[in-house]
Amino acid sequence: MNHWIIAPILLPAIMAPILLMSARYDIVLARVFSLASTVALLGIALALGSMVGDGQILSYALGNWVAPFGIVLVADRLSVMMLVLTALLALAVLFFAIDGGDRDGRHFHALYQFQLMGINGAFLTGDFFNLFVFFEVLLIASYGLMVHGGGPARVKAGVQYVVINLVGSTLFLIAVGMIYSVAGTLNMADLALKVPQVAAADQALLQAGALLLLLVFCIKAALVPVHFWLPGTYANAPAPVAALFAIMTKVGAYCVIRLYVLAFGEEAGAAAWLAAPWLLPAALVTLTLGMIGVLAARRLGQLASFAVIGSMGMLLTGIALFTPQALSAALYYLLHSTLAGAVLFLIADLIARRRPGIDDQLSPAPRFAQQSLLAAAFFVAAIAATGMPPLSGFVGKLLILDAARDNLQATTIWALVLGTSLLAIIGFGRAGSTLFWKSTAQPGNFPAPATGNALALVAIGLLLAGNVALTLFAGPLTAYLEATAQQVFATHRYIEAVLGNTVLPGGLL
Amino acid sequence: MAHPSAPRPTLLRRWFPHPLLSLTLTLIWLLLINGVSVGGLLVGLTLGIAIPRLTGGFWPDRPGIRNYRRIFSYLLLVMWDIAVANLQVARIILFRPLASLHTRWVCVPLALTSPEGIAVFAGTITMTPGTVSCDLAADGKSLLVHCLDAPDPEAAVRDMKERYESRLLEIFP
Amino acid sequence: MAWFNELLVSALIVIGASFALVGSWGLVRLPDLMSRLHAPTKATTLGVGGALVASMVYFLAGNGTLSVHELLITLFLFLTAPLTAHFLAKAWMHSQRPGDLPQPAQRGWSTFDAGEAEREAASDQPRPPPLSDACGSSASPPPASPSSP
Amino acid sequence: MIEYAIHYAYVAISLGLLFNLWRLFAGPSTTDRVLAVDTMVINVIALIIVYGIQTGSTMYFEAALLLAMFGFVSTVAYCKFILRGNIIE
Amino acid sequence: MSLALIVILPFLGAALPALLIRAGRNACTTGTLATSLLAFLLLLTHAPAVFRGEVLQARWEWIPQLGLNVNFFLDGLGFFFAGLILGIGLLIIVYARFYLSKEDPMGSFYSYLLLFQGAMVGVVLSDNILLLVIFWELTSLSSFLLIGYWKHLPAGRQGARMALTVTGAGGLAMIAGMLILGNIAGSYDLSTILQHKEAIQASPLYLPALLLILAGCFTKSAQFPFHFWLPHAMAAPTPVSAYLHSATMVKAGLFLMARLWPVLAGTDEWFYLVASTGLVTMLIGAWIALFKDDLKGLLAYSTVSHLGLVTFLLGLGSPLAAVAAVFHILNHATFKAALFMNAGIVDHETGTRDIRQLGGLMTLMPIAGTLATIAAASMAGLPLLNGFLSKEMMLEQAALTSWLGLPWLVPLLATLAATFSVAYSFRYIVHVYFGKPAGETPRHPHDPPFGMWGPPALLVVLVVLIGLFPASVAGPLVATVAGAVIGGPLPDYHLAIWHGLTPALGMSAIAVASGLLLLAGYARLRGLWSAGPHPEAKAVFDASVGAAVRLAQALTHGLHNGSLQRHLAFAIGSAVVVGFTAFAMASHAPGARPLLPATPVAIVAWLLLLGATGALLALHRRRLLSLVVVGVIGMVVSLAFVYLSAPDLALTQISVEVVTVILMLLALNFLPKETPLESSCGRRLRDGLLAALAGIGVGGAAWAMTTRDAATLSGYYLEESVPGGGGTNVVNVILVDFRGFDTFGEIIVLGIAALTIYALLDGATRGAVGRRLAAWAPDQARAADRHPLLLVVATRVMLPLALLVGAFIFLRGHNVPGGGFIAGLVVAIALIMQYMASGHGWAAVRMKVDYHALIGIGVLTAAATGVVAWLADHPFLTSAFGHFHLPLVGEFELASAMAFDTGVFLTVVGAVMLALANLSRIGVLADAPPPQDGPMEPDLSAPRHGDH
Amino acid sequence: MEFLLSSAIGLLTAAGVYLVLRARTWPVVLGLALLSYATNLFLFATGRLVLNQPPVISASAAGYTDPLPQALVLTAIVISFGMTAVIVVMALRSFFENGSDHVDGKAEDAA
Ligand code: NA
Ligand code: NA
């Protein structure tokens, strides 16, 4: 029995209460525990990666109850990739947090571990009600982290964030109910088997449910017109939290990939490729609005938020094409945009801390400490985020453009992808020159901060290095992602891994 | 809270600080599980011992009961009165013209001093004919009672004191 | 089930339900809150009581088991009904401030007494004392607490 | 016979509930409305007990038990709120 | 390998100057120079092979899936451009050493310069068009840094942004073009693409690809109408202008047109697009240059004009024109770089570049003056200098060109452009170096050090040598390069000073003559220019970017106004649209399940719900009442659960309801007691409509669902519950066993909720919020007694009873309704009643339990129960149960699920108590005097009194 | 019965949505509470409506309703309870921080 699959969920779930009980009053101990746990998570994720690297799909029947009756965890290339990404991001962000931000309020590290537990659970579960539970775990932890440290704007944004997500959770349950009421299962693999058999009379309920569920995932993925929560949330969250949230939008994207290829894909009969006609236009509008927002931003945090929205549009454009090639491209973009999005928030925070009173506003101000260093970091991050060569954003953009070639909407997609890149270039160019160049022309200096934020800079460096690594190893990586995408589309393999051979009807293999 | 100079409580006393409560809880447990078995009794006893110990702090100075037998007779009396009260009030609600009611407040001076005693008295008043105990004086020495129909307030007060308080005084210290 | 039992159960049910109805009707008919307070606290209590006794008899006669849940429910209702009436009355007195209350011998009714003093204190000095009470470092019970008669 | 009694009880208690609803609407004071809800809870307890008799099932008693145990908590909390604003001091 | 090294060296070397600058400016320069020189020498080692006509290649796989590989190749064209880039680069590096002042950060300058150099070499050596695009964009980025090098100058910042925007946009278009081109050719490798002329030109995608690629070329090479960025880029230090904006980067577009010439040129589309653009650019550039008073501005527009010239030649599509183009690229690089450096010298020496302030410098700076005169004469196209030769070739080609059937148009315009060219060239000489000094210049000029005039002198020597001996000096190079451009046999041509009396010579003569005339009448001409309209490109650009930004801001901030109501309306509206549309688009038939009759009790419950909901909507602004009414709804829902065979749900709902009410009341204490009426009528109507639609949708779905037969898994659970799960209450067995993992997540949600609440409340006691809280005063009259005696007594009596009931509900849960969660709530409510009756302080000291620890222990207990299964090599949460027999006690059951449920119980108690106790603590603090924290915030990591 | 339940779910949803769209945190929280009632009933109804057949195994039972939706609803109730608690406290904190309980944190009008 391979128990490794549950480790990414269980480890933080155990670490958090331990933090709660033993390290509540000792910040050093809490940091050590939290860091150790996150490093271990990375190790576990990598170990799982080597286990599923050969194309094997591992499943883990919790409580030893056979699927579809019990809950299963499923580790395939896709989910493990997400685990690795989460752990990497979490580790880098944790460095940033323990630079001091974790002391602004209570229970940062416990909430952080719970947050990781929720995210990992969402990536691993093979049951869509259990997915709801993990959504709630990751959401409620994110509520706590979001308002960490408090402050009027932050708490206000927190209220909005919570309310919109509670409405989302409501919708989630309604959608789950509608699907369960006609498909009679909660297991995703089993759902894939049941959906083609759903009677014509029941199709309306099924499809309405499935599309409402899609909407829920789109709320998480910040797709227009349900993206409104993101700018306020990300721009007001504590920097490490906003950076960690870069993976949260990807949870929504992951769910779209998982469920709408597996259960509403090729084999789904009347419900085949249900998501595509809705997703693509929404994704393109998201891309456009996001990058317009980049151009319009008045603060660096706001700019980063809209960049995240834009990148989600790009990512979901890739997903919405629903081909293995496009998925592989989208996955590359997913990796890239997570790291690139996260680092922007961290940079914005360091800048804001160095310009008291002006913070991260995109308006000229005197020079500040470590300006050149931060300028260099911003320059690299901006290159990545705008998709300029040579960094991963460019590679991702090329991959998506290449994959969109055969789509009927290819011209529109190309025009928007490239056109919005220009908006991003202008927006980032304006921001950078205002923050780093104009400041040189201003008289005076800001006082240097008390610390050099060495750990925070390490975090930024790690994330940027991640982007560079994505670029350098783009070849082997795309090969892996291609295999990943193929695996996602080979739904019978997943079904077989979860339900075993016996359940499969003859025609499916 | 033990007084510093108080002698060390005996073993029995420590394990059964409130034997009556322990016994009651064990009994209720047996009734709850709807059957008498050794296992059930063991669980009941465990709870009967554990719960009073756990909750001891929340009920400091539990009153000693002077006379257990009186409780039973008092309960019977109250039950009877409740039945009567219901009929009387039902009649008022259904048939009496509202204008003919002698609705009024009365002040009942209290002879009871123990909080538990006062509480039981006040509760009894509320549960029985046409009266609701509404407030206690700040010094705990009077009870404000609202009467739905009391043509003679003094008689009402006298009635309450004689019928219930005098009996309660025999039960509570 | 013996017809007698049936009759008993039926009668109890009917009596209980009738009292429940009468109590609720009283809530509608009686003219002011203090009068209305008399209706449900009694009639409904017997209403539920009737149903409970009916239930006890029914299950005792049907299954031969004495169901204690009904007793517990009764116990809780009897423990709490005076309490809710008491609090409703206090709340009403607090918000309506009836002028026709008899006054007790020394101190006023606890809803009002010290209330004036406390309100005055509050208007002069908006922070009445004890943090100690808040954090429990002094375990002094509330003034009217039975633990310190 | 019991069946008839039960039907009578349903009708009577339901009517009672509707009276309570009327009081909930009519008020006039908040206390009146709290009283209406408190009475509703008691009527519902009765309803559940009668339902238990009708179905011959003891499965539902705990619901009545919890209502009896905790129904008053809300009422007291509302009153405490009216009295002091702060329900836990 | 060494091929790649030529590209990589500048990139690697870019780190050097940044490091060496600590060792001094000379060390910095030397390091940079060495890097560049090494690359240049490496390139030269390949010269023999290239001149033999060999094509060298180096290939590495990078992203084979995409066809993006690190492939380089070196042929004549690449060699020529690489040589130009590296060679002129060397001169620029030397020049910059003397040009930059002490205040300028030289390290970063050289770093940027080397980055640019690497990118540029990458462009010209790439054998993969995607790789080429990468280097192409890198030139944009590095030039952004170089143009903005003087950060304190607004012109520099704006120029940099403008250049980045225009060339970036072109680059984006080019990406698309390259992707199309590669797709047509079946490969992104240039060497392959160049083999597919027919396929490419026959493809329906030829025109889009051409347009997109040309967009990249034209923007980069500052062709009309994208020419405007170049003069503004002149805000850069002069070495940058000389290097990027005359010698190299702006020629990248020309390079690419030349590179793709074999497969793209020769069509009508190519001719009309490229030749016309080139011609117009040549003309307009020259005309504007004539009126620029800034030396660098003049040279910038002159560059635009010359770039147009080359573009025009390439656009003609004939091999001879291509040869001319190559030759002119070479010539222009020499004289223009020399002139830029000269302009820099003038600026450096006099302190100004404004022609109107200059004059008569020849006597003061004879060396610089001589060099400038020769270079400018070459630019004017005077014989014996190299500029003359290639301009003659151009005029000759122009003379042969007919445009839309008009044979005279192109020659005329070409001559006109040449005329302007002569005029501005002479203006550079005459108005700067000859005549009278216009006045005092900011600095007193003299000839610069050798380091500054040496590099231009070297170039001027080339200008003369090529001019005199074109065939021997430039011949082989031009032949090799042109061969690479044409990609086939070279046409018959001669590089010579004298070709006889050709039409071109005549046109040239006319140009020189009329050019001199124009200069003579410059003052009047100037008046003519001033009178005409001058669309200032910068203003237009700024206005359009400004408009775009304002539009973006209007859209973004108008749309994202931070209003939750709007967010929600969009979200709910989307759900309504998606739900109804999806339902309508799919097939549906009414269900056939027999309906349950509606009993009177159900109808009354329904009426109660209706009434309560109505009352809620009517009373919702009175907050206490609204809470009371919601309680009624909750009660009806509980009742429905009882009635519809869900006792566990009823129990849960009832207990949750109580806790929620307490929680809400604790919060309401501080909040306003009334909700103001602030929505407009229209808003309420809109919301009402949305609400109605949502209600109809969800209600309709419920109807559709409940009226059809169910597909369900329940059979398995009902069968397996007793034998497999050891319990008869199937719901509980699902919760703690079949789907125990959900429950594990659920208690963690509760735990997190409590932690979050704790953190939120703890934070509310500190800082500004804490002070506000301490200053809080109740907004209502308060009754006198805090702890009414009756409540105190009743709750004390109830506590043991409630705990007993809690234990009962907990223990029976596996078999009949109940379980850890409900038991936890029962216990928590019983405890909270103590807080309510006797006060926070009184109860808190008596609760000896740390609620945080309770949550922790609860979660760990549940987890431990799950982990124990590993010992038997079963998955997490695998349950075990057994029936045991003890003497006296008899048969009893023990199930691991009980341990799990204990975890649930502990977590629930801990979470509810932590939340409520701390919420009530806030109330206590608010009633207390403000804490005397002083200016310092208390240490957060220290344990504080009273937090459980 | 199905109609009663469906219409009740619809009504609760509608009222919930209307309240959620109000401008103050208090009605929003109440709206969320109504929505969670509606959702719980909806999810519960996926098991279809069955009278007096609770999913407790016993020899005398005539049949059982679908236990799975009940378990799901239980989970949902608990989770939404936790969520309600958080949003209430967060709304309170926001009120403390912003001096207003407007969902957008707007300062109280002078009026
Ligand atoms: Na009475
Ligand atoms: Na205060």
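Since we're looking at a predicted model, the values are computed, not measured.

1. Examining the overall build of chain E
- When helices and strands are tallied, chain E shows 42 helices and 4 strands.
- By principal-axis analysis of the C-alpha atoms, chain E measures approximately 125 × 65 × 60 Å.
- Here chain E, with 948 residues, has 66% of them falling under the buried criterion.
- Long-range pairs, those at least 24 residues apart, make up 79% of the contacts in chain E between residues at least 6 apart in sequence.
- Split by element, the accessible area of chain E, about 29,700 Å² in all, is 70% carbon and sulfur.
- Within chain E, one finds 48 positive and 47 negative side-chain charges whose respective centroids are separated by 11 Å.

2. Overview of the side chain of Asp347 of chain E
- Inspection of the secondary structure puts Asp347 of chain E in helix H18 (residues 319-350).
- Within the structure, Asp347 of chain E has its side chain in polar contact with the side chain of Arg353 of chain E (distance 3.4 Å).

3. Some details on the packing of helix H4 (residues 108-124) of chain A against helix H10 (residues 239-262) of chain A
Residue and element names in this part refer to chain A.
- H10 packs onto H4 with a crossing angle of 20° between their chain directions and a minimal axis gap of 10 Å. When the axis of H4 is compared with that of H10, the two are roughly parallel. You can see that H4 and H10 cross each other, and the crossing is left-handed. Across the interface between the two elements, Phe108, Tyr112, Gln115, Leu116, Ile119, Ala122 and Phe123 of H4 pack against Val241, Leu244, Phe245, Ile247, Met248, Lys250, Val251 and Tyr254 of H10.
- Of the residues assigned to the contact of H4 with H10, the class counts are 13 nonpolar, 1 polar and 1 charged.

4. Details of the confidence of the model for chain E
Residue and element names in this part refer to chain E.
- Here chain E averages 89 in pLDDT, while 98% of its residues score no lower than 70.
- Low pLDDT, under 50, characterises residues 931-948; the predicted model gives this stretch 40 contacts beyond four residues in sequence or across chains.
- Across the predicted assembly, pTM comes out at 0.92 and ipTM at 0.94.

5. Notes on the nonpolar core
- One finds Tyr260 and Ile319 of chain A together with Trp229, Phe741 and Phe744 of chain E to be the most contacted residues of the largest nonpolar core, which totals 792 residues.
- Sequence-distant contacts of Tyr260 of chain A, that is, excluding residues within four places in its chain, are made with Ala210, Leu213, Leu214, Phe217, Cys255, Gly265, Trp273, Ala275 and Phe322 of chain A.
- Val89 of chain B together with Phe19, Val22 and Leu30 of chain C belong to the second largest nonpolar core, which has 10 residues in total.

6. Quick notes on the sheet that holds strand S1 (residues 104-109) of chain B
All names here are of chain B.
- Strand order in the open sheet made by the 3 strands is S1-S3-S2, with antiparallel pairing throughout. Two strands in the sheet have a free side with no partner beyond their single neighbour: S1 and strand S2 (131-136). Across the sheet, the axes of successive neighbouring strands diverge by a mean angle of 30°, strand direction being ignored.
- Taken together, the 5 bridges between S2 and strand S3 (residues 142-147) define a ladder with antiparallel strand orientation. Bridge assignment links Ser133 to a residue of S3, and that residue is Val145.
- Each of S1, S2 and S3 touches helix H5 (residues 115-127); the most contacted strand, S2, lies at about 145° to it.

So, how was this worked out
Residues numbered from 1 in each chain as written. Chains lettered and ligands numbered in written order. Predicted model: local features only at pLDDT ≥ 70, side-chain atom pairs only at ≥ 80, totals over all residues. Heavy atoms only, no water. Helix = DSSP H or I, 4+ residues; strand = E, 2+ residues; numbered from the N terminus. Buried < 20%, exposed > 50% of the residue type's maximum accessible area, 1.4 Å probe, protein only. Contact = heavy atoms within 4.5 Å. Areas by Shrake-Rupley, 256 points an atom, 1.4 Å probe, with all protein chains shown as cover. Lys, Arg positive; Asp, Glu negative; His and termini not counted. Charge placed at Lys NZ, Arg CZ, Asp CG, Glu CD. Polar contact = N/O pair within 3.5 Å; in protein donor to acceptor, adjacent residues only side chain to side chain. Axes fitted to C-alpha atoms, helices over the stretch in contact; angles between N-to-C directions. Parallel < 35°, antiparallel > 145°, perpendicular 65-115°, else oblique. Left-handed = near helix turned anticlockwise from the far one by under 90°. Nonpolar A, V, L, I, M, F, W, Y, C, P; charged D, E, K, R; others polar. pLDDT = per-residue confidence, 0-100. Core = buried A, V, L, I, M, F, W, Y, C linked by side-chain atoms within 4.5 Å. Pairing = 2+ DSSP bridges.

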